[in-house]
Amino acid sequence: MDIGRNSQGFTLLVGLLFAFLLAPVLFVFPISFSNDPFLAFPPQSWGFKYFAALPRNAVLMSAFRTSLALAATVTALSLALAVPAAYALVRLDFRGRDWLMSLFTAPLLLPSIVLGLAILLVFVRVDLLATYPGLVIAHLVVTLPYALRVIATALGTLPPAIEDAAATLGAPPFTVFRRVTLPMMMPGIVAASALSFLVSFDEVVISLFIVGPKLSTFPVEMFRYVETRTDPLIAAASVILIVATIGIVLVLERSIGVARALGKASQP
Amino acid sequence: MMTSLIDRDMPTIAPAHDPRPDHLVLEGLEKRYDKVVAVAALDLAVRQGEFIALLGPSGCGKTTTLRMTAGLVPASAGRIVIGGRDVTHLPPYRRDIGLVFQNYALFPHMTVAENVAFGLEMRKVPKADIGKRVAEALALVRLAQYGERRPRELSGGQQQRVALARALVIRPSILLLDEPLSNLDAKLREEMRTEIREIQRRLGITTLFVTHDQVEALSMCDRIAVMQAGELVQLGTPFEIYERPRRAFIADFVGRSNKLDGIVREAGVIEVGPLTLRATETPARGTEVRISVRPHRIHIHPHPGSARPHARTNLLVGRVVRTTYVGDVFQYDVDVGPGVMQVEKPTAAGPQPISRGDEVELEWSVVDTLVFEDRP
């Protein structure tokens, strides 16, 4: 991969790839500053009309608050489950370890439409449809594999000798974990948090199956909005989301570095 | 030169009398992985303040022995006693040991001072004392000014000295060193050899040192335990290991040696093809043996016939097939018939007296003819 990394051809190729990936997203920006009553490009009139209208839309605002709280809860629970699970899967040696790891990360491979349907069928019976705990559980099914993967990778790249060193210096196992393993896993944990939060906040397909009239998430409401209306309100909402996401990534990059956070081995 | 050769006697080996009590005792220590035996019934007693090397090629079980001693790997059988206390079933954090790893294993998220302080914190040493002892330990490894640095800001040698300070600051009952010099470059390794030896002597700490490097083992340690395929094959002083190796494997592994295979014809006489060689000690007549001679113990005479045959030397005629200039020595490969022997001679300024194709005479003392019954 290093071959020609600095050549002009390579730069051009990367530029084109970025343009291909980002072009649709960039399109949203001019449209969000439209004052037209319909989605059109280029806009006939410019302004902040729809940014101003956003806070007045009770349905979207309520869904936004639900999604924020949901993503926060799901992230906290993902970490609480993924950290001990990853530790057990990476550090302990037991029969069926590889099999368990595959099982835990299998949902990553399933189409979410299938997962959504399956969850719907189960939730109907146990009365979890359109409830907050139901949404939390459904989202955990998707975020947990991500969190587990990232944290297990972070843990796997830590040389066990460092933990051995702590043990020989007199630290009992839990102290080793708290004082040595956990701080060294921090980049992985931060990355897992960011991923869990974004995946949960962004989740549409599964949520569509289980939300109800009284409890809905932001992406679902955005989806419903564009089904029935054609004004640029959603473009304004999208721009706010994009800027917020870039903000999170920048903070991550500044504090620990995204490359490191996503599991590139950090040398001791 | 001739007189010195003839007058040399069997190296006298003083009986290993050491009044110090045993401090680390491994008794019938064993490690099995399913059917594979990594360490087989190992017995070793390290005296108080003694510095012992576990020497052997990779896979000989030396690291496993060290890790069992540290408690990082459970022993399959046997006992480990440190200072009279049976620690066989204790976890590492209750064994009171200092361990220095090959790759340093410093805590990357802590400063140098925090790394060194870690073991003291675990022992609930009062804060004020921690600061003092950390400073002492860093001064001991000549890193007094580096307390606030992060490990990654230090060179490999400095990191290894931090690791040493971290292991020593807790004043452990024993010090374990797992190939601590292997990741350093040659020059630094030599410095660290002296430094570790000095510190070990000054503190008088009982030390077990795992290495595959014979020079390290010979130059640093009081005694060497040579391991082969999970077994301890010889325990002795560096002098004993080098001069009187008990197996051909050891002669070959520790230092370099020329090998010739032969049969004992009578006591002290071995037949190697058409040649007849003398040795001081030989097994029973008719035994197939391997003979080993150190390259630098062989004298090379440029003109055959100049050396007189003598009962206390071996004399062979051969032809030089290769000469190699290594700076401080010349290596000559000499074909003597049943094999090629390598001879080493210190270089001197001036013209080169021996060249390829020359007929030469090799001579060495019978004392330097090592005879083994194993042929690895």
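Keep in mind that what you see is a predicted model, and the values were worked out from it rather than measured. (Residues numbered from 1 in each chain as written. Chains lettered and ligands numbered in written order. Predicted model: local features only at pLDDT ≥ 70, side-chain atom pairs only at ≥ 80, totals over all residues. Heavy atoms only, no water.)

Peer 1: Could you give me a rundown of the UniProt feature "domain: ABC transmembrane type-1" (unreviewed entry) in chain A, with the residues and numbers involved?
Peer 2: In the numbering adopted here, UniProt assigns the feature "domain: ABC transmembrane type-1" (unreviewed entry) to residues 64-252 of chain A. Spanning residues 64-252 of chain A, this segment combines 81% helix with 0% strand, and its end C-alpha atoms are found 23 Å apart. (UniProt positions renumbered as here; feature names shortened; annotations may be inferred. Helix = DSSP H or I, 4+ residues; strand = E, 2+ residues; numbered from the N terminus.)

Peer 1: Explain empty space enclosed by the protein residue by residue, including any values.
Peer 2: Empty space among the atoms can be located by rolling a probe the size of a water molecule over them. Residues and elements named next belong to chain B. Enumeration over the complete set of coordinates arrives at 4 cavities of 30 Å³ or more. Taken as a whole, the second largest cavity holds about 50 Å³ of empty space. Around the second largest cavity, the lining residues are Tyr242, Glu243, Arg244, Arg294, Arg297, Val367, Asp368 and Leu370. Taken together, the residues of the lining of the second largest cavity sort by class into 3 nonpolar, no polar and 5 charged. (1 Å grid on protein atoms, 1.4 Å probe; cavity = no way out; pocket = protein on both sides within 12 Å on 5 of 7 lines; lining within 4 Å. Points joined across faces, edges and corners; volume = space filled by probe spheres on them. Nonpolar A, V, L, I, M, F, W, Y, C, P; charged D, E, K, R; others polar.)

Peer 1: Hey, could you go over the confidence of the model for chain A for me, with residue numbers and the actual values?
Peer 2: Averaged over every residue, the pLDDT of chain A is 87; residues scoring 70 or more account for 93%. Ignoring residues within four places in sequence, the model shows residues 263-268 of chain A, a span with pLDDT below 50, making 7 contacts including any to other chains. (pLDDT = per-residue confidence, 0-100. Contact = heavy atoms within 4.5 Å.)

Peer 1: Tell me about the pairing of strand β3 (residues 51-55) of chain B, residues and numbers included.
Peer 2: Residue and element names in this part refer to chain B. Within β3, 5 of the 5 residues are buried, which leaves the element mostly enclosed by the surrounding structure. Side chains of β3 alternate between two faces, with Phe51, Ala53 and Leu55 and Ile52 and Leu54 buried alike. Bridge count for β3 against strand β8 (residues 206-211) is 5 bridges, and the pairing is parallel. In the strand pairing of β8, phenylalanine 51 is matched with threonine 207. (Buried < 20%, exposed > 50% of the residue type's maximum accessible area, 1.4 Å probe, protein only. Pairing = 2+ DSSP bridges.)

Peer 1: So, the packing of aromatic side chains: which residues are in play, and what are the values?
Peer 2: Within the structure shown, the criterion is met by 15 aromatic pairs over all chains. Summarising the aromatic geometry, the rings of Phe249(B) and Phe253(B) are spaced 5.9 Å apart at their centres and angled 15° between planes, so their arrangement reads as stacked. On the criterion of helical spacing, the pair formed by Phe249(B) and Phe253(B) is a turn pair, its members being 4 residues apart in helix α9 (residues 248-253). According to the relative accessible area criterion, Phe249(B) is buried, its value standing at 12%. For Phe253(B), a relative accessible area of 21% translates into the label partly exposed. A network of ring pairs unites the aromatic residues Phe64(A), Phe197(A), Phe201(A) and Phe218(A) as a single cluster. (Phe/Tyr/Trp six-rings, centres within 6.5 Å; stacked < 30°, edge-to-face > 60°.)

Peer 1: Which residues make up helix α7 (residues 160-168) of chain A, and what values go with them?
Peer 2: Within α7(A), 8 of the 9 residues are buried, leaving the element largely enclosed by the surrounding structure. Considered for burial, the residues of α7(A) that qualify are Ala161(A), Ile162(A), Glu163(A), Asp164(A), Ala165(A), Ala166(A), Ala167(A) and Thr168(A). The inward-facing, buried residues of α7(A) abut α3 (58-91) and α8 (173-202) of chain A together with α2 (62-70), β6 (97-100), α3 (112-122) and α5 (156-168) of chain B. Gly170(A), located one to two residues past α7(A), shows a positive phi value of around 110°.

Peer 1: I'd like a description of the interface of chain B and chain A, backed by residues and values.
Peer 2: Taken together, the contacts link 21 residues of chain B with 18 residues of chain A. Summing the contributions of chain B and of chain A, the shared interface buries around 1800 Å²; its carbon and sulfur component is 71%. At the boundary of chain B with chain A, the tally comes to 2 salt bridges. Residue Arg67(B) pairs with Asp164(A) through a salt bridge whose shortest N-O separation is 3.1 Å. (Buried area = accessible area lost by both parts, 1.4 Å probe. Salt bridge = Lys/Arg side-chain N within 4 Å of Asp/Glu carboxyl O.)

Peer 1: Can you tell me about a nonpolar patch on the surface, naming the residues and giving the values?
Peer 2: Where nonpolar side chains cluster on the molecular surface, the patch consists of Phe18(A), Phe20(A), Leu21(A), Leu22(A), Val25(A) and Leu26(A) and spans about 630 Å² of accessible area. Relative to the elements of secondary structure, Leu21(A) occurs in helix α1 (residues 8-32). (Patch = residues over 30% accessible without salt bridge, like charges linked within 9 Å, V, L, I, M, F, W, Y side chains within 5 Å. Areas by Shrake-Rupley, 256 points an atom, 1.4 Å probe, with all protein chains shown as cover.)

Peer 1: Would you mind going over the sheet that holds strand β14 (residues 288-293) of chain B in detail, with residue names and values included?
Peer 2: All names here are of chain B. Here we have 5 strands laid out as an open sheet, ordered β13-β12-β11-β14-β20, and antiparallel in their pairing. Of all the strands in the sheet, just β13 (275-278) and β20 (370-372) have a single pairing partner and so form its edges. Geometrically, the sheet is characterised by an average inter-axis angle of 40° between neighbouring strands, direction not taken into account. Inspection of the sheet shows strand β11 (residues 258-266) paired to strand β12 (residues 269-272) by 3 bridges, in the antiparallel sense. Each residue of the ladder has a partner; that of glutamate 266, found in β12, is valine 269. (Axes fitted to C-alpha atoms, helices over the stretch in contact; angles between N-to-C directions.)

Peer 1: Before we move on, could you go through the pattern of salt bridges and cite the residues and values that matter?
Peer 2: Residues and elements named next belong to chain B. Going through the model one piece at a time under the given rule, you end up with 23 salt bridges over all chains. Between glutamate 195 and arginine 161 there is a salt bridge, with its nearest N and O atoms 3.5 Å apart. One end of the pair, glutamate 195, is in helix α6 (residues 186-203); the other, arginine 161, is in helix α5, with 34 residues separating them in the sequence. Where salt bridges share partners, they join Glu27, Arg79 and Asp86 into one cluster.

Peer 1: So what about the pairing of β14(B)? Which residues, and what values?
Peer 2: Residues and elements named next belong to chain B. Burial of β14 is extensive: 5 of the 6 residues sit out of reach of the surface. Looking at chain direction, β11 and β14 are connected through 6 bridges and run antiparallel. Bridge pairing in β14 places lysine 259 opposite serine 292.

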